[in-house]
Amino acid sequence: MPVLPGAEPFRHEGGEVGVLLCHGFTGSPQSLRPWAEYLAERGLTVALPLLPGHGTRWEDMQLTGWQDWYAEVDRELRALRERCAQVFVFGLSMGAALTLRLAAKHGDEVSGIVVVNPANKVHGAAAHALPVLRHLVRTVSGITSDIAKEGVAEVGYDRVPLHAAHSMRNFYRMVDGELPQVTQPMLLLHSPQDHVVPPVDSARILSRVSSTDVTEILLEQSYHVATLDHDADRIFEESYAFIARLAPSVGKRSDTGQVGQQEGTATGG
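Bear in mind the structure is a predicted one, so any value in this text is a computation, not a measurement.

## Description of the side chain of Asp-176
Position of Asp-176 relative to the elements: it lies in helix H6 (residues 162–178). Once residues lying within four places of it in the same chain are set aside, the contact partners of Asp-176 are Asn-120, Arg-204 and Arg-208.

Encoded structure:
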C-alpha cells in the first residue's frame, strides 16, 4: 500500500549523538516531522520510523499489534547505538509508552528520554468492553488532529481499528509494570487540555519511574498533538537543551549531511 502523503519516515545522518522519535497510535511520522527536522538542523543523527500498520490505511493496522510497533523502534534504537556514542529517545502519546519501554529494557544504552502527552492507560467503559467489542465492531471514530492551532491537521487514520486498540491496551498495562525500571533522565511535557490522554497519565508515570533527574513542563496552549501545536517551538527548544545538558559533544561537531532524507515505504501492515 502507498504511504499517505506526509507520513513517510525520516532519517538524517548527523553527529555522534542520535535521537529516535516514536509517533503515536493511528498517527504517523508527520506529527513529529518538524521536531525531527529541528534536531537534524542542529547536527544530530535522527531516526523517525513509520510504525507497522500506520500511514497507509486502517485495515493494515488491524493486522498489527504492540509487538510489531515495539520491534520496529527497538530495531531503530539498536541501529542508532551502532552509529552513535549517545542515543536519546523521544515519543508522543503511545510513542511515549514505546519510549518508556525502550528505556526500561535498554538501561544505560539510552542516555535520556523526552515524552510528550504520554499515554499510560485506555480510559473509560470502552477499555473494559474492548476484549469483546473488537469481535463485534471493527472500528470506532478516530482520535487524530486534537490540535488547538487553527489550520493544522495530523496525518493519520480517521478510524481506530479495535483489534489494534485492544493490543495497545495490553501494552499500556505491561509498560505500567515496567515503569520502576526507568532510571534515565526524563523530560515530560504535557497539555492540561488534552482530549485524547488525560493528565492523570502523566502523573502516574511521574510517580512510578525511578528516574531522579526529572523535569515536568506544562503545555498550556496546546492540545494532544502538541508537537504540531502552539507549544511546538518550546518542545523543540527544551528537548534540545535537555540533550545539550547530558551530551557534551552536542554542537561541537559540524554536520555535513543533507537534512530531509525520506524513505517512502511503509514497514509492516
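## Overview of helix H3 (residues 66–83)
Along its 18 residues, H3 runs 26 Å from first to last C-alpha, staying within 8% of the 26 Å computed at 1.5 Å per residue. The complete set of buried residues in H3 reads Trp-66, Trp-69, Tyr-70, Glu-72, Val-73, Asp-74, Glu-76, Leu-77 and Leu-80.

## Examining the environment of Leu-44
Summarising the element assignment, Leu-44 is placed in the loop between helix H1 (33–41) and strand S3 (45–48). Sequence-distant contacts of Leu-44, that is, excluding residues within four places in its chain, are made with His-12, Gly-14, Gly-15, Val-17, Val-19, Leu-39, Tyr-240, Ile-243 and Val-250.

## Examining the environment of Gly-91
Here Gly-91 is to be found in strand S4 (residues 86–92). On the basis of relative accessibility, which here comes to 0%, the residue Gly-91 falls in the buried class. Considering only alpha carbons, one finds Gly-91 and Gly-24, 67 residues apart in sequence, at a separation of 7.6 Å. For Gly-91, the contacting residues outside a window of four places in its chain are Cys-22, Ala-96, Thr-99, Val-114, Val-115 and Val-116.

## Digging into the environment of Val-175
The topology assignment puts Val-175 in helix H6. Judged by relative accessible area, Val-175 falls into the buried class, the value being 4%. C-alpha separation for the pair Val-175 and Ile-205, spaced 30 residues apart in sequence, amounts to 9.9 Å.

## What to know about the nonpolar core
Residues Leu-20, Phe-25, Trp-69, Leu-98 and Leu-100 are the most contacted members of the largest nonpolar core, which totals 46 residues. Within the residue set of this core, elements represented by two or more residues are strand S2 (17–22), helix H2 (58–61), H3, S4, helix H4 (94–106), strand S5 (112–116), H6 and strand S8 (186–190). Residue contributions to this core peak at eight residues, all from H4. With residues near it in sequence (within four places) discarded, Leu-100 still touches Ile-113, Val-115, Val-175, Leu-179, Val-182, Met-186 and Ile-205. The next biggest cluster of nonpolar side chains, apart from the first, holds 34 residues, and it includes Leu-39, Phe-90, Tyr-240 and Phe-242.

What counts, and at which threshold
- Residues numbered from 1 in each chain as written.
- Predicted model: local features only at pLDDT ≥ 70, side-chain atom pairs only at ≥ 80, totals over all residues.
- Heavy atoms only, no water.
- Helix = DSSP H or I, 4+ residues; strand = E, 2+ residues; numbered from the N terminus.
- Contact = heavy atoms within 4.5 Å.
- Expected span 1.5 Å × (residues − 1).
- Buried < 20%, exposed > 50% of the residue type's maximum accessible area, 1.4 Å probe, protein only.
- Core = buried A, V, L, I, M, F, W, Y, C linked by side-chain atoms within 4.5 Å.

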